[in-house]
Amino acid sequence: MRIIINIVAFVAFIMQSISFVFNALIQKKPECYTETLYSVFLLTAYVCSLLSVWIFVFMYNFNFSLLRKKYVFFFLLMIVLLGCYIHLMQLFVIQDFIITSCFMLLFDCYVIAKVLPSCFKKEHNELSK
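Computed from a prediction, not measured in an experiment: that's the story for all the values here.

1. Considering the nonpolar core
Residues Ile55, Phe56 and Val111 are the most contacted members of the largest nonpolar core, which totals 32 residues. Every element with two or more residues in this core is listed here: α1 (2–26), α2 (33–61), α3 (70–94) and α4 (98–119). The biggest single contributor to this core is α2, with 11 residues. Leaving out residues up to four positions away in the same chain, Phe56 has contacts with Ile5, Ala9, Phe107, Tyr110 and Val111.

2. Quick word on the environment of Ile112
Relative to the assigned elements, Ile112 resides in helix α4. Through-space distance from the C-alpha of Ile112 to that of Phe73 is 9.5 Å; in sequence the pair is 39 residues apart. Other than its neighbours up to four places away in sequence, Ile112 contacts Leu77, Val80, Leu81, Cys84 and Pro117.

3. Focus on the packing of aromatic side chains
In the structure shown here, the tally under the stated rule is 9 aromatic pairs. A network of ring pairs unites the aromatic residues Phe56, Tyr60, Phe107 and Tyr110 as a single cluster. Above the face of the Tyr60 ring, Arg2 is positioned so that its terminal group lies 5.0 Å from the ring centre.

What counts as what
- Residues numbered from 1 in each chain as written.
- Predicted model: local features only at pLDDT ≥ 70, side-chain atom pairs only at ≥ 80, totals over all residues.
- Heavy atoms only, no water.
- Core = buried A, V, L, I, M, F, W, Y, C linked by side-chain atoms within 4.5 Å.
- Buried < 20%, exposed > 50% of the residue type's maximum accessible area, 1.4 Å probe, protein only.
- Helix = DSSP H or I, 4+ residues; strand = E, 2+ residues; numbered from the N terminus.
- Contact = heavy atoms within 4.5 Å.
- Phe/Tyr/Trp six-rings, centres within 6.5 Å; stacked < 30°, edge-to-face > 60°.
- Lys NZ or Arg CZ within 6 Å of the ring centre and 35° of its normal.

Quick look at the structure:
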């Protein structure tokens, strides 16, 4: 089962990369600062959507001790939430890459379900004993 999920994640990464390239090339020249900020936000969110696939693969396949740190969890959560914005936008606004976006949202939900409970756990410091 792990192999099939990894293959689906790899295909979703390829399709999301294609979407990222097309949307980066299609962007029109911004006319004001607000449009400039939004286009930079979109490019950042597209990069985060690509990173969210790799985060999913690492969290699904491996158990790193670095992933047990609270600040890493908040950083990963921020990346995945920015990726969710792109996937939801592809589903409901652009209506493009629908199947890929559905799989990516499933991957994002998995990461959020793993990360969110760990963000609120209290860390026990062994030096304070």
